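If you want the building blocks of each chain, they are given just below.
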Amino acid sequence: MDKVDFLIKFYFAIFPEFYRIKDFENNEYVFLKTEDKEIKILKSVTDKTQLEAYENHIHLFGKVKKKYQKDALKVAKLITENLVKQLSLRFPDKKFKVYLDCDFKEHIIIRFHQVWKNELPYYNVNEFSTITEYIVGI
C-alpha cells in the first residue's frame, strides 16, 4: 500500500470524528465514525466496555516485516497519540483507555473504550507485552 492509499484508507483514524449514542438505560457511548454504518439504537448492554472496544478498533497493519517495523510503529504511535488528544479535547468529562497493540507477527491494532464503573478494562496490559495503554482523563 502506498502512502496516499494509506491516508485515504485510514482518514477516519488520522482525522478522527466521533458520534454518541445512548442506550435505554441512558448510558452514553462514544464511537469512532468510520465507513461502517453508525449504530442507531442500543437496547440494554450487558458489557459496555466490550461493546465500545469492539466497535472502536482499527486494524492498521497485518504482519509487518522486520525492515518496516520501525516506520510502522512510528505511524501507529502518531495516529494513537492524535486519537488520545482528540478524545481528551472532545470529551473532557469522560475517561478512556486507548490501546496500541503492536504484534508485528500478526497485526497492529488501535482500540479504545470508556472507563465504565464496575467493569474491568478490555485488556489487562500486564498480560500482553505487545500492548501499550494510554489513559485519557484519569
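See above for the structure.
We now turn to the structure provided with this report. (Residues numbered from 1 in each chain as written. Predicted model: local features only at pLDDT ≥ 70, side-chain atom pairs only at ≥ 80, totals over all residues. Heavy atoms only, no water.)

### Section: the pairing of strand β4 (residues 96–103)
(1) Moving on: Of all eight residues in β4, eight are buried, a share of seventy percent or more.
(2) Moving on: Residue alternation in β4 divides its side chains into two sets, Phe96, Val98, Leu100 and Cys102 and Lys97, Tyr99, Asp101 and Asp103, and both sets are buried.
(3) Moving on: Two successive antiparallel strands, β4 and strand β5 (residues 107–114), enclose a turn made up of three residues.
(4) Moving on: In this sheet, strand β6 (residues 131–136) lies alongside β4 in antiparallel orientation, the contact comprising six bridges. By the bridge assignment for β6, Leu100 is matched with Thr132. (Buried < 20%, exposed > 50% of the residue type's maximum accessible area, 1.4 Å probe, protein only. Helix = DSSP H or I, 4+ residues; strand = E, 2+ residues; numbered from the N terminus. Pairing = 2+ DSSP bridges.)

### Concerning the environment of Lys40
(1) Moving on: In this fold, Lys40 is placed in the loop between β2 (28–32) and α3 (48–55).
(2) Moving on: The class for Lys40 is exposed, based on a relative accessible area of 68%.

### A short note on the pairing of strand β1 (residues 18–22)
(1) Moving on: Examined bridge by bridge, β1 and β2 share five bridges and lie antiparallel to one another. Looking across to β2, one finds that Ile21 is bridged to Tyr29.
(2) Moving on: If you look at the hairpin formed by β1 and β2, you'll find five residues sitting between the two strands, and Asn26 has a positive phi there, around 70°.

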